[in-house]
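The chain contents come next:
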Amino acid sequence: MHMNYKICQHAVFATLLTLGASLTLPAMAQEKKEDPLLKIYRATPDKINDLVHTKLDVRFDYKKRYLYGKEWVTLKPHINPTDTLRLDAKGMDINTLAVVKNGKNIPLKYTYDSLTLAIKLDKVYKNSENYVIYINYTAKPDELKIEGGAAITDAKGLYFINPDSTEKGKPVQIWTQGELESSSAWFPTIDHTNQKTTQEISMTVPAKYVTLSNGRLALQKKNADGTRTDTWKMELPHSPYLFMMAVGNFKIYKDKWRDKEVNYYLEPKYAPYAKDIFGFTPEAIEFYSKLLGVDYPWNKYAQIVVRDYVSGAMENTTATLHGTYVQGTKRELEDRYFDKGRSTIVHELFHQWFGDYVTAESWSNITVNESFANFSETLWAEHKYGMDAGDEHNHQAMMEYLANPANAKKDLVRFHYHAAQDVFDGVSYQKGGRILNMLRNYIGAPAFFKGLNIYLKTNAFKNGEAQQLRLALEEASGKDLNWFFNQWYYAAGHPQLDLDYKWDESSKTQLVYLKQTQEGNAFILPMAVDIYAGGKMERHTVWMRDKSDTLKFVLSAKPDLVNVDADKIILMQKTNHLSMDNYLFQYMHAPLYMDRLEAIEAATKEQANPAAQKILLAALNDKYYGLRLQTLQSLDVQKTDLIAAAMPVILKLAESDQNTLVKAAAISAVSYTKNAGQYLSLYENALKSTSYAVQGAGLSALAILKPTEALATAKSLEKDSGGDLLPAILAIYASEGSDTEWPYVNDSFKALGPQEKFNLMKSYIAFVIRLKSPEYAQQGIKSIKEFGIAFKAQGIAPQIIGALNYVKGERQKAGDTASAKFIDNAISEINAK
C-alpha cells in the first residue's frame, strides 16, 4: 500500500497557519493518559482452520448500496482436529449457512455478533479433510460503522461511487479495499494475513461496465436482463486482504511483459494517456525480476485508477488499484519526473513480490511488506534516473521520517500498538526503507539481493517476518546480523551524531570527535571516512560502538576535507562542524548527491560568506536538476552581490534549462529580484510554454508587475489549467478576483485529490474570505469542512477548525452573519464525526 503520506506530516500544516493568528494549534492537554491497548502483545493469529479456496458469486444493488453474495469456501483444520469454525463477516445479513455434502446444503448452527460467525461444524474434521461451507449473505458496507485511520481513511471494504449518478461529471464505480481487514466486509473469510487461498469471483454487472479482479478473466456470459456475468479465477494462493473487485466505465490499454498481460484501466478522459502514465511498467517488471532472481510470479498485472480512493494505492494481487493522482495528461506528465505518481507505480509493483508472493505474517511485521516497497522506489530511481535521483529520493524519505518526532519512539517491528492501522506510518515505510538501504551498503549489493532471493524462494506463497529475512541475509552474506536487527528492527529511534574536528600541526594528526547525543544507548555504526589531502582521497572504515569516540589520523599535511559517513548511508540527524571552505571543497570534489546537498544547505544559511557564494553559484550549474532546483529555491534575492553574480546563470536556466521545474523556478527567482521589470518578455514567453509549471511561473511573475493584466491572462488560461498552473491562477483570483471567478475556482478545487486540495487550501480560504456572495462563501465553507472530516484521522481537524474560525471572523467583519452561523454548524459537524 502507498499512503498519501504527506498529509499525515505535522510540518505541512504550517501552510494553513500563515492565514492568521487564529489558526494556531489548540493547546494539548497537559496530562497524557496511559493507553491500555499499548500493553497488549499483538500475537500472530492462531491457525485453527486454513482457507483453501474461496468461490464467490456476487451482484450489486446500486440503489441500496448492497452486495448480494453467495460463497463456497473450502477449508481444512490447520493441524488439530476441530468441529468449530470462526469466520470474519462484518455487518452482514446471513441468509443461509450450510456445509456442502454430496451437492446438498446441510444447515449448520452458528452465532453471529455482526463481526464474526462462530460456526458449529457437522462433525470433527481432521487436517487431512477438506470441507466446504456455503453462505448466502447480504453485505451492507455503507451501514458499517468501522473507523479508518491515518493511512486508510475508511474501512468499509466495498465502495459505491456516485451510484445514483447525482454528482455531475463523476463516473459510477464500484471498487474494494481489503487492507487491513476489510475484505470481510464484503465476503465472510478468515481475514488474517497468515491465511492464503485460491479464488474464483463471478460478478454480475450492467453489461455496459468493465470489471476487474485478481487473476484471469475465465468467462464472460451475457444475461437476458441486460447484465453480464464475468468470472475471474486466481489459481495461486494469496491472502484475503488482497482480493479485489472493480466495476465501471473503464477503457483498457493492453500491454505485455514477456508473454504475460499487462493492462491499464482508466476513465475515458485519461485513456489516451495510458501509455504515458503506465508505459514503463513492463520495464520495471523486468528490472525487479532480474534484480531479485525471481520472475514476476503471477499470470497478469493490471493497474486501475478509481475515484474517491481512501488511500494512495493498493497492491491487490495481479490488480493494483490507484487513486487519481497517478494519472495525468501529456502536459501534466511533462512536469513530472520521479514524482509521487511514478514512485507509487513501482512501489505497488514491488509488493507483488514483497507483500503478495510472501506476505507479512501479522501487522506487527508489516516491515517485510511496506519497507521493501518503499525501498523499491529508491532502487527504481537509481536504475531509471541515475544515482543522484536515487540518493535524493532516499534522503527525502529519511527527512519525512525525521519530520515527526513521535516516530523515534516506535520500533520497526511493533508487537504493541493501539490499533493495527498505526503501524502504517513513517517508521514502517520511510525508516524501514532506509534501514534496507543501510543493509545493502553494509553487506554489499550482491549478498543483499542474494539474501532477498533466498527469502522469497523459501517463503513463496507463504508468510514471512523479520527474523526470516535476517536468516536469509545471514545465509547469503556469511555475516551475523543479530546486532543490526536488534538495533534497527527491534528497537526505536536513530542516532543524533555531532561531528567536530581538530588539526594538530605539531603531531600532524587529524582528530575527529564523534558524539551521539540521543537519549538511551549508543548505536553501533560502521561507516566510511574519506580523507582528502594532497590531491588524493584515502578511505578508512571505522566502527563507532560508544556514545563518544575520537578518531585519529596521522597525515603529512592538514587535510582539505574529512568526510565522515562518506557513503552518506546512515539514518541519523547529523550536526557537522565543517568550515565553509570544507563544504566548498566537498561540493567540488566529493562524488555523491548528498555531498553536494550538504554543501548547498550549509551555504544557504550563510549567503554573505564568499565560500558559500561560490558553492551556490556552482550549484546553479549542477549536473542534477534536483540540486539546481534546490539552489534556485534557496537563493536570497536580497543578497544583491550574490544575485548580480548569479543572474546570468539564472536567466540562462529560465530560458533554456531542459528541466521544466528548474526553468519555472528560475523564472520565479527572476521575478522577485529588484530588476524584475526588465524581464517582462521572459514571463510572456513562459506563458506560451506547453509546461504548466513554466506557465504558472510566468503568470505569477506577471501578477507581481501587472496584476490587472495577469487577471485577464488567468481568465484566458482557465480552460486548460492543470498542474502548477492552477495554483497560480487560484492565487491571482484570491488576491485580485471577484465572485465571477468563483464557479471555476470551486469546481477546480472539488475535482482535486486530497494532497492537491491541501496544497491549495491557503489560496482557497483566502478567496472564500473575499467573496461578496454569502451563498458562494458557504459553498467554500462546506468544502473546507468536508476536507476536515475526511482527514480527521490524520490530525488535520484542529487546523481546519482554526481556519474556519478565522474565516468566520473575516466574514463577520464583512457583515455576513449567515456564513458565520454556517461556520459554527460546520465546526460542530467536524467535532461530532
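One can find the structure itself at the top, above this paragraph.
Quick look at the structure, then. (Residues numbered from 1 in each chain as written. Predicted model: local features only at pLDDT ≥ 70, side-chain atom pairs only at ≥ 80, totals over all residues. Heavy atoms only, no water.)

The strands making up a sheet associate through hydrogen bonds between their backbones, and the pairing can be parallel or antiparallel. Read from one edge of the open sheet, four strands run β9-β10-β15-β12, paired in antiparallel fashion. Two strands close off the open sheet at either side, each with one partner strand: β9 (158-161) and β12 (210-213). On average, each strand axis in the sheet is tilted by 10° relative to the strand beside it, whichever way the strands run. Bridge analysis of β12 against strand β15 (residues 245-248) gives four bridges, and the strand direction is antiparallel. Note that in β15 the partner of serine 213 across the bridge is methionine 245. (Pairing = 2+ DSSP bridges. Helix = DSSP H or I, 4+ residues; strand = E, 2+ residues; numbered from the N terminus. Axes fitted to C-alpha atoms, helices over the stretch in contact; angles between N-to-C directions.)

Here we come to the environment of threonine 740. Within the fold, threonine 740 resides in the loop between α21 (725-736) and α22 (742-750). Among the residues examined, threonine 740 registers a relative accessible area of 58% and is labelled exposed. Spatially, the C-alpha atoms of threonine 740 and leucine 771 are 9.5 Å apart, while their sequence positions differ by 31 residues. (Buried < 20%, exposed > 50% of the residue type's maximum accessible area, 1.4 Å probe, protein only.)

Our focus in this paragraph is the nonpolar core. Tyr489, Ile650 and Leu699 are the most contacted members of the largest nonpolar core, which has 190 residues in total. With nine residues, the single largest contributor to this core is helix α16 (residues 640-656). In this structure, leucine 699 is in contact with Leu687, Ala710, Thr713, Ala714, Leu717, Leu725, Ala728, Ile729 and Ile732, ignoring residues within four places of it in sequence. One finds Tyr131, Leu180, Met203 and Phe243 within the second-largest nonpolar core, a separate group that totals 68 residues. (Core = buried A, V, L, I, M, F, W, Y, C linked by side-chain atoms within 4.5 Å. Contact = heavy atoms within 4.5 Å.)

What follows is about the packing of helix α25 (residues 797-813) against helix α26 (residues 817-832). For the pair α25 and α26, interaxial distance at closest approach is 9 Å and the crossing angle is 170°. Compared by their axis directions, α25 and α26 come out roughly antiparallel. Contacts between α25 and α26 pair Ala797, Ile800, Ile801, Leu804, Asn805, Val807, Lys808, Arg811 and Gln812 from the former with Ser819, Ala820, Ile823, Asp824, Ala826, Ile827, Ile830 and Asn831 from the latter. When grouped by side-chain class, the residues that make up the contact of α25 with α26 number ten nonpolar, four polar and three charged. (Parallel < 35°, antiparallel > 145°, perpendicular 65-115°, else oblique. Nonpolar A, V, L, I, M, F, W, Y, C, P; charged D, E, K, R; others polar.)

In this section: the pattern of salt bridges. A full pass over the atoms with the stated rule returns 42 salt bridges. Across the pair aspartate 622 and arginine 596 runs a salt bridge whose closest N-O atoms are separated by 2.8 Å. Of this pair, aspartate 622 sits in the loop between α14 (610-619) and α15 (625-634) while arginine 596 is found in helix α13 (residues 593-604), placing the two residues 26 residues apart along the sequence. You'll find aspartate 622 and arginine 596 in the same group, each marked buried. Salt-bridge contacts for glutamate 829 lead to lysine 785; the nearest nitrogen and oxygen are separated by 3.2 Å. Of this pair, glutamate 829 sits in helix α26 while lysine 785 sits in helix α24 (residues 774-790), placing them 44 residues apart in sequence. The buried category is assigned to lysine 785, whose relative accessible area is 10%. (Salt bridge = Lys/Arg side-chain N within 4 Å of Asp/Glu carboxyl O.)

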